[in-house]
Amino acid sequence: MNLDVIANIKKTKTWLLIILSVLIAGYIKFKSIYSIPVPLWSTKAFILFLEILIVIFVVDTIVIIAFSYIRKNVLYLKHKAEEAEELINETRFLSEKLEKQTKFLKDKLNEITTLNKIIYEINQTFELERVLKIILESICSYLKYDRAIIFLFDKENDRLIPSIGYNIEKSELKQLTLSLSDKESVVVKNFVKNVPVIIKKLSDKEQKMPYFKDLKEDNTLICVPLQTKDKNVGLLLADTSISKRKLTEKDLRSISNFAIQTSLAICNAQLFETERLFKEKLQHEVDLAVKKLQEAQKQLIQSEKLAALGEMAAVVTHEVRNPLSTIYMSAQVLNKTITQNDELKKYINYIISETERLNKVVTDILSFSREPQLVLTKSNINNLIEELISFLEISDFIKYDVKCFRKYDEQIPELLLDKDQIKQTLLNIIQNACHFMENRPVRQLVVETKKENSNCVIKISDTGIGIPPENMNKIFEPFFTTKTRGTGLGLSISKNIVEAHGGKITVESVFGEGTTFIITLPIKIEFS
Amino acid sequence: MKKILIVEDEELMLDIIKDTFGKKYEIKGFNLGKQALEYLQKEQPPDLVILDIKLPDITGLELLEKIKKLLPKIPIIICTAYDSFKTDYQIWSANVADYIVKPIVLEELETKIKKIIGE
């Protein structure tokens, strides 16, 4: 009901009561003065009644006024209470808002702290594989993913190569190479678009691929292309396939922040790796060059030494040979004059043989210390060997009781060679063979020649004691000998001579059974 | 008797050769190259010259050229302690009849002498 109307009625009522009270009071006061005739109803009882009525009116009025005052105050208080409630509500709203803001800031702080942690961990190393591993571990542990893969972009072949996986078998990982030419692939499409997305549905082909086939639910795979300002680095895939947590925009936002840092870290690591490889390559080349230099230096020293040795050997040989010649000639003169039965004959023979031996030693040293100089003439190798064997048949073969077999290949054309030096080589080998067949039950020497392609092969086999395996590599080394009387230069010189002819010399031996030397000489010019 | 001129700085060797071949040939020996040249310029030329190519006063090649200039037709046997002479012989062979490497085998030398000038 309208309060104003009530108030007005109450106001009118009050004024009416006041006017009536004044009129009655006036009448009672002034009735005796002006001798106003008193009506019948103006009895004492009536007047008392009126006075009581007046009192009641007055009291009523006072009460009404008092109540109206109280009411007014109550309304005021009520208004204040309402105002207070409003304030409380507002405060509550603000506090809720504050709480929300605080939570948001806390989340952000967490995110930044996590990011910082990851960046810190990434920056601990420049090793690409290690960096990638840290990134994946961090993403999975801080951002609550179950599995993750980093693909690196192979620009040359236009494909994404799975580089490292977290919670993924290596064998599976190997099968995940994605070609950019696969236009159906959702992952590839997103890589090309270069926008991070939560993948709703994979292509049919992808659904059958390892790794992807384990993703049973939608919205559990996130795909984040990795790039820096000017190049595509690769792609990051992360999923919640085990927890089945549905991914949201928030996840996308968080992982995108990582993507920038990840791309930079990968780029840095790749740069570092390239630099490291370059450095290693450079180091390797330097090492190689140093090694070559050292070898060259060694060779130079060696050849200088050899040259010095050659010069020295030439001088020594010359100076030794002159007195040697005198001794030798004297012995020859004596030998001629002394009769066969003379007991001094033996000593003359000693002088002669030992002089010859001494001469061989100096000759060997001289031959060894210089490059063989060849006097090439066209020669029939079979004839050359035959000449040598004829000589040996009246000397060494008798001395050692050796039986010699020849197998000549008549197809061998004439060769260009230094007859004397080749003879010396063959003589060295055959005399060695005879020496090592001494006291053997079977003493057979087989000399064989054969034309093999553009080579002439000479094989000299004996039934001697053979070469112990540990000596096989040493026999061509200078000064290596197992004989009591030998300089150890014979085979070394033979090797030099054969090599000077452009040929090679090899050896096959069964210890306890025998040895075969194989000399291969190139048929340089064929004489028709 | 055929005459052989020997130029050899080793006295003892010269002595042995003189003793060995002295009965068959007239041997004229010199230790120095220049002495030999002087002799060749003044005396009756020999039938054969045996020449050591390493002499103290003059190189063998120089001496060889001088002898050849003086007596172009005279046969010369080179006597050397260098067995590398085999190689050098190729260059010298036009002016040289033969060569022998020390230590000398007397029979070999005798054969070579006989081959060139006879008994």
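Residues numbered from 1 in each chain as written. Chains lettered and ligands numbered in written order. Predicted model: local features only at pLDDT ≥ 70, side-chain atom pairs only at ≥ 80, totals over all residues. Heavy atoms only, no water.

> Would you mind showing me how to read the sheet that holds strand E1 (residues 3-7) of chain B here?
Strand pairing within a sheet occurs via backbone hydrogen bonds; the two strands may be parallel or antiparallel. Residue and element names in this part refer to chain B. Taking strand neighbours across the sheet as the criterion, the five strands line up as E2-E1-E3-E4-E5 in an open arrangement whose pairing is parallel. Of all the strands in the sheet, the pair left with one neighbour each is strand E2 (26-30) and strand E5 (98-101). Between one strand axis and the next, the sheet turns through 20 degrees on average, direction left out of account. Strand direction decides the pairing type here: strand E4 (residues 76-80) and E5, joined by four bridges, are parallel. Bridging across to E5, Ile78 finds its partner in Tyr99. Contacting E1, strand E3 (48-52) and E4, helix H3 (residues 60-70) crosses the sheet at an angle of about 160 degrees to E3. (Pairing = 2+ DSSP bridges. Helix = DSSP H or I, 4+ residues; strand = E, 2+ residues; numbered from the N terminus. Axes fitted to C-alpha atoms, helices over the stretch in contact; angles between N-to-C directions. Contact = heavy atoms within 4.5 Å.)

> Explain the sheet that holds strand E2 (residues 159-166) of chain A to me, please; I cannot follow it from the model alone.
All names here are of chain A. In spatial order, the strands read E3-E2-E1-E6-E5-E4; together these six strands make up an open sheet with antiparallel pairing. Two strands bound the open sheet, and with one partner strand each, they are strand E3 (178-179) and strand E4 (197-199). Across two bridges, the pairing between E2 and E3 is antiparallel. Each residue of the ladder has a partner; that of Leu160, found in E3, is Leu178. Packing of helix H5 (residues 186-193) onto the sheet brings it into contact with strand E1 (147-154), E2, E3, E4, strand E5 (221-227) and strand E6 (232-239), and relative to E6 it is tilted by some 135 degrees. Its contacts with the sheet place helix H7 (residues 249-337) against E1, E4, E5 and E6, and it is angled at close to 35 degrees to E5.

> Explanation requested: a negative patch on the surface in the structure shown.
All names here are of chain A. On the surface, Glu82, Glu85, Glu86 and Glu90 cluster together into a patch of negative charge. Relative to the helices and strands, Glu85 is located in helix H2 (residues 44-122). With a relative accessible area of 52%, Glu85 lands in the exposed category. (Patch = residues over 30% accessible without salt bridge, like charges linked within 9 Å, V, L, I, M, F, W, Y side chains within 5 Å. Areas by Shrake-Rupley, 256 points an atom, 1.4 Å probe, with all protein chains shown as cover. Salt bridge = Lys/Arg side-chain N within 4 Å of Asp/Glu carboxyl O. Lys, Arg positive; Asp, Glu negative; His and termini not counted. Charge placed at Lys NZ, Arg CZ, Asp CG, Glu CD. Buried < 20%, exposed > 50% of the residue type's maximum accessible area, 1.4 Å probe, protein only.)

> Where do I start with the pairing of E1(B) in this structure?
Regular strands show a simple pattern: their side chains alternate between the two faces of the sheet. Residues and elements named next belong to chain B. For E1, the tally of buried residues reaches five of five residues, placing the bulk of the element in the interior. The alternating pattern of E1 places Lys3, Leu5 and Val7 on one face and Ile4 and Ile6 on the opposite face, and all of these are buried. Relative to E2, E1 runs parallel, the two sharing five bridges. In the sheet register, Val7 faces E2, and the bridge partner there is Phe30. Note that the unit made of E1, helix H1 (residues 11-21) and E2 has a crossover that is right-handed. Across four bridges, E1 lies against E3 in parallel orientation. Within E3, the position partnered with Leu5 by the bridge is Val49. (Right-handed = clockwise from strand over helix to strand, strands pointing away.)

> Is there a simple way to explain a nonpolar patch on the surface in this structure?
Residue and element names in this part refer to chain A. On the surface, Trp15, Ile18, Ile19, Val22 and Leu23 cluster together into a nonpolar patch covering about 530 Å² of accessible area. Locating Val22 in the fold gives a position in helix H1 (residues 3-30). The class for Val22 is exposed, based on a relative accessible area of 54%.

> Would you mind showing me how to read the interface of chain B and chain A here?
In many reports, interface size means the accessible area that the parts give up when they come together. Contacts between chain B and chain A engage 22 residues on the former and 21 residues on the latter. Between chain B and chain A, the buried area comes to about 1900 Å², and carbon and sulfur atoms account for 61% of it. Inspection of the region where chain B meets chain A yields zero salt bridges. Our enumeration of links across chain B and chain A arrives at five residue pairs in polar contact (both at pLDDT 80 or more). (Buried area = accessible area lost by both parts, 1.4 Å probe. Polar contact = N/O pair within 3.5 Å; in protein donor to acceptor, adjacent residues only side chain to side chain.)

> Any chance you could explain the pairing of E6(A) here in plain terms?
Residues and elements named next belong to chain A. In terms of residue burial, E6 counts as a mostly covered element, since seven of its eight residues are buried. Pairing of E1 with E6 involves six bridges; the strand directions are antiparallel. If you follow Ala148 over to E6, its bridge partner there is Ala238. In this sheet, E6 lies alongside E5 in antiparallel orientation, the contact comprising seven bridges. For Cys223, the partnering residue across the bridge sits in E6 and is Leu237. Once E5 ends, the chain turns through four residues before running back antiparallel as E6.

> Help me out: how do you make sense of the packing of aromatic side chains in this one?
Here a ring pair, both rings aromatic, is described through the centre-centre distance and the interplanar angle of the planes. All names here are of chain A. For the structure on display, the rule yields six aromatic pairs over all chains. Here Phe153 and Phe191 contribute two aromatic rings whose centre-to-centre distance is 5.3 Å and whose plane-to-plane angle is 55 degrees, an arrangement assigned as tilted. Remark: Phe191 occurs in helix H5 and Phe153 occurs in strand E1; sequence separation between them is 38 residues. Across the pair, Phe191 and Phe153 agree in class, each one buried. Summarising the aromatic geometry, the rings of Phe476 and Phe517 are spaced 6.3 Å apart at their centres and angled 90 degrees between planes, so their arrangement reads as edge-to-face. (Phe/Tyr/Trp six-rings, centres within 6.5 Å; stacked < 30°, edge-to-face > 60°.)

> In this structure, what is going on with the nonpolar core? I would like to understand it.
Nonpolar side chains tend toward joint burial in soluble globular proteins. Residue and element names in this part refer to chain A. The biggest cluster of nonpolar side chains holds 40 residues, and the ones touching the most others in it are Ile381, Phe397, Leu426, Leu445 and Ile458. Ignoring any residue separated from it by four or fewer positions in sequence, one finds Ile458 in contact with Ile381, Ile385, Leu426, Glu448, Thr449, Phe517, Ile518, Ile519 and Leu521. Counting 34 residues, the second-largest nonpolar core is a separate cluster that includes Ile198, Leu236, Ile255 and Ala265. (Core = buried A, V, L, I, M, F, W, Y, C linked by side-chain atoms within 4.5 Å.)

> Explain a positive patch on the surface to me, please; I cannot follow it from the model alone.
Judged by side-chain charge, A:Lys103, A:Lys106, A:Lys250 and A:Arg253 come together as a positively charged surface patch. Checked against the element boundaries, A:Arg253 lands in helix H7.

> What am I meant to see in the pattern of salt bridges here?
Side chains carrying opposite charge are able to pair once their charged atoms draw close together. Residue and element names in this part refer to chain A. A full pass over the atoms with the stated rule returns 23 salt bridges over all chains. Arg159 serves as the salt-bridge partner of Asp154, at 3.0 Å between the closest nitrogen and oxygen. Residue Asp154 is classed as buried on the basis of its relative accessible area, which comes to 16%. The class for Arg159 is partly exposed, based on a relative accessible area of 31%. It is possible to trace a salt-bridge network through shared partners that takes in Arg147, Asp214 and Asp239.

None of the figures reported here should be taken as evidence of function without further support.
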